Amino acid sequence: ALAPPDGPAITALPLDVREFDQVDAVLDQVLEQHGRIDLLVNNAAIEHGGYFHELAVEDIDALLTVNLRAPMILTRLLLPSMIERDHGHVVHVASVAGLGPVAFNEPYGASKHGMVGFSRASRASLQTMRSKVSSSVVCPGYVSEAGMFFDSTQGTDARPPVAVGSSRPSEVAAGVIRAVVEDLPELIVNPVPLRPLLALSAVLPKLAERLFSHMGAHETFQKIADARARRAGDHSV
C-alpha cells in the first residue's frame, strides 16, 4: 500500500488477467478492503507486431486473451453491483488502431476494434436500460516516453509520422479522467485531429487508404516488424 502525501492511500495488487482464478481472487480482495468498485479502467494489453504469417499461434491467442477477453470478463464481473447501485463507470483503453488500419499488427488491431465495439454496445445497452452506469472508450494514437510503442521502437529508426504526432502518457491519463467526468462515448487522444480521416475511411475507403499510406504510418510498423525479425534471427543462431 502506498500513501501519497497529498492523496488517498493506493493499494497495488499484481494480477495476471489471463488467469480467471486470479481475477476472481483479486476482485474479492478489493471488495473486502473497500466494499465496492465504482470505476474500472481496462488498460492491460500486449502486442506482437510483426508479419502475421510468421506469428506463433500461441502469441495470437495470448494477445486476444489479454486485450479482449480479459476486459470483457472483468466488466461482466463488476457490472452487476454497479447496476444494482445505479452508479459506476467502465473505461476501455483501446487505440486508434481500433478505429482504423494498422499494418503489421493484425492481432492488436483486431483486439482494439473488438474493444471499441464492446464499449459501444455496452454503452447502448446501459442507456436503453436507463441505467446511470456508463461506458467509455479512449483511443490513444502513438504514445511517447513509455509503453508498448515506445519500447518497440528502441534500437530502431521507427518514429511516429510527423503528420500524426504522439502523446505523452500523462495526456492519455488525462483523457481517461475526462472521459469519466464528461461521460464521453469515445475520446481520441492525439495532438493532430484524426477523426476526419477516420470518418473519410467510412465514406471513401479507397481514398482514405491512400492517405493512410501517404502519412507513413504503415512504414513505421514495418520497421518495427523488420527489427523484431532480425532479433529473432539473431537469437536462433
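The structure under discussion appears in the preceding block.
What comes next is a walk through the structure. (Residues numbered from 1 in each chain as written. Predicted model: local features only at pLDDT ≥ 70, side-chain atom pairs only at ≥ 80, totals over all residues. Heavy atoms only, no water.)

### Remarks on the nonpolar core
Convention followed: The term nonpolar core refers to a set of buried residues drawn from Ala, Val, Leu, Ile, Met, Phe, Trp, Tyr and Cys, joined through side-chain atoms within 4.5 Å. Residue exposure (1.4 Å probe, protein chains only): buried if accessible area is under 20% of the type maximum, exposed if over 50%, otherwise partly exposed. Strands are runs of DSSP state E lasting at least two residues, helices are runs of H or I lasting at least four, and both sets are numbered from the N terminus onward. Residue contacts are defined here by distance: any two heavy atoms, one from each residue, within 4.5 Å place the two residues in contact.
Formed by 25 residues in total, the largest nonpolar core has its most connected members in Ala 94, Leu 99, Val 116, Cys 139, Tyr 142, Ile 188 and Phe 221. If you list the elements that add at least two residues to this core, you get helix H3 (106-128), strand E3 (134-140), helix H6 (195-203) and helix H8 (217-236). The dominant element in this core, judged by the number of residues it contributes, is H8, at four residues. Other than its neighbours up to four places away in sequence, Val 116 contacts Ala 94, Gly 98, Leu 99, Val 137, Cys 139 and Glu 186. One finds Val 30, Ile 37, Leu 126 and Val 133 within the second-largest nonpolar core, a separate group that totals 13 residues.

### Observations concerning the pattern of salt bridges
Worth spelling out the cut-off: Salt bridges, as used here, are contacts in which a Lys or Arg side-chain nitrogen is within 4 Å of a carboxyl oxygen on Asp or Glu.
The final tally for this structure, using the stated rule, is 10 salt bridges. A salt bridge links Arg 36 to Asp 38; the nearest nitrogen and oxygen atoms lie 3.1 Å apart. When salt bridges with common partners are traced through the structure, they connect Arg 36, Asp 38 and Arg 85 into a single cluster.

### Section: the pairing of strand E1 (residues 39-42)
To be explicit about the condition: With the strands pointing away from the viewer, any crossover whose connection runs clockwise from the first strand over the helix to the second is right-handed.
Going residue by residue along E1, you find Leu 40 and Asn 42 tucked away on one face and Leu 39 and Val 41 left uncovered on the opposite face. In this region the chain leaves E1, passes through helix H2 (residues 57-85) and returns to the parallel neighbour strand E2 (residues 89-93); the handedness of that crossover is right-handed.

### Focus on the sheet that holds strand E4 (residues 186-189)
Worth spelling out the cut-off: For two strands to pair, DSSP has to find at least two bridges joining them. Here, axes are lines fitted to C-alpha atoms. For helices the fit covers the stretch in contact, and angles between N-to-C directions go from 0 to 180 degrees.
A sheet is described by the order of its strands in space; here four strands give the open sequence E1-E2-E3-E4, paired in parallel fashion. Every other strand in the sheet has two partners, leaving E1 and E4 as the edge strands with one partner each. Strand after strand, the sheet turns through a mean of 15° between neighbouring axes, direction not considered. Relative to E2, E1 is paired through four bridges, and the arrangement is parallel. When the sheet's bridge partners are listed, Leu 39 is paired in E2 with His 89. Contacts from H2 reach E1 and E2 within the one sheet, and its direction differs from that of E1 by about 170°. Each of E1, E2, E3 and E4 is contacted by H3, which is oriented at about 155° to E3, the strand it contacts most.

### With respect to a nonpolar patch on the surface
What counts, and what does not: The residues that make up patches have over 30% relative accessible area and no salt bridge, and they are joined within 9 Å when like-charged or within 5 Å when they are Val, Leu, Ile, Met, Phe, Trp or Tyr. Per-residue accessibility takes into account occlusion by the displayed protein chains alone, with areas from the Shrake-Rupley method and a 1.4 Å probe.
There is a patch of nonpolar side chains on the surface, built from Val 203, Leu 204, Leu 207 and Leu 211 and spanning about 330 Å² of accessible area. Within the secondary structure layout, Leu 207 lies in helix H7 (residues 205-215).

### Comments concerning the pairing of E2
In terms of burial, E2 is a largely internal element, five of the five residues being buried. By the alternation rule, side chains of E2 split into His 89, Val 91 and Val 93 and Val 90 and His 92, which are all buried. Pairing geometry for E2 and E3, over five bridges, is parallel. Across the sheet, the residue bridging to Val 90 is Ser 135, located in E3.

### A closer look at the packing of aromatic side chains
Convention followed: Each aromatic pair joins two rings of Phe, Tyr and Trp (for Trp, the six-membered one) with centres within 6.5 Å, and gets the label stacked for planes under 30 degrees apart, edge-to-face for over 60, and tilted for any other angle.
Within this structure, the stated rule accounts for four aromatic pairs. Put simply, the rings of Tyr 142, Phe 149 and Phe 221 touch in pairs and so form one group of aromatic residues.

### Section: the packing of H2 against H3
The line we're drawing: Relative orientations are named as follows: roughly parallel for angles under 35 degrees, roughly antiparallel for angles over 145 degrees, roughly perpendicular for angles from 65 to 115 degrees, and oblique for any other angle. For any pair of crossing helices, the crossing counts as left-handed if the nearer helix is rotated counterclockwise from the farther one by less than a right angle, and right-handed if it is rotated clockwise. Side-chain classes are defined by residue name, with Ala, Val, Leu, Ile, Met, Phe, Trp, Tyr, Cys and Pro counting as nonpolar, Asp, Glu, Lys and Arg as charged, and the others, Gly among them, as polar.
Between H2 and H3, the shortest axis-to-axis distance is 9 Å and the interhelical angle comes to 15°. When the axes of H2 and H3 are compared, the pair comes out roughly parallel. Along this stretch, H2 crosses H3, giving a crossing that reads as right-handed. Between H2 and H3, the residues in contact are Ile 60, Leu 63, Leu 64, Asn 67, Leu 68, Pro 71, Met 72, Thr 75, Leu 79 and Ile 83 and Pro 107, Tyr 108, Ser 111, Lys 112, Gly 114, Met 115, Phe 118 and Leu 126, respectively. Across the contact of H2 with H3, the residue classes break down as 13 nonpolar, four polar and one charged.

### Points about the side chain of Lys 112
Selection criterion: Here the positive residues are Lys and Arg and the negative ones are Asp and Glu; neither His nor the chain ends is included.
Along the chain, the position of Lys 112 falls in helix H3. Lacking a salt bridge, the buried Lys 112 has Glu 47 as its closest oppositely charged neighbour, with an N-O distance of 11 Å. If we skip the residues at most four places from it in the chain, Lys 112 touches Ala 45, Asn 67, Val 93, Ala 94, Ser 95, Ala 97 and Gly 98.

### Topic: the packing of helix H1 (residues 20-34) against H2
The geometry of a pair of packed helices is captured by two quantities: the angle between their axes and the separation between those axes. Where H1 meets H2, the axes come as close as 11 Å, and the angle between the chain directions of the two elements is 35°. Of the two possible hands of crossing, H1 and H2 adopt the one that is right-handed. Each of Phe 20, Val 23, Asp 24 and Leu 27 in H1 lies in contact with H2, whose residues at this interface are Ile 73, Leu 74, Leu 77 and Leu 78. Of the residues in the contact of H1 with H2, the class split is seven nonpolar, no polar and one charged.

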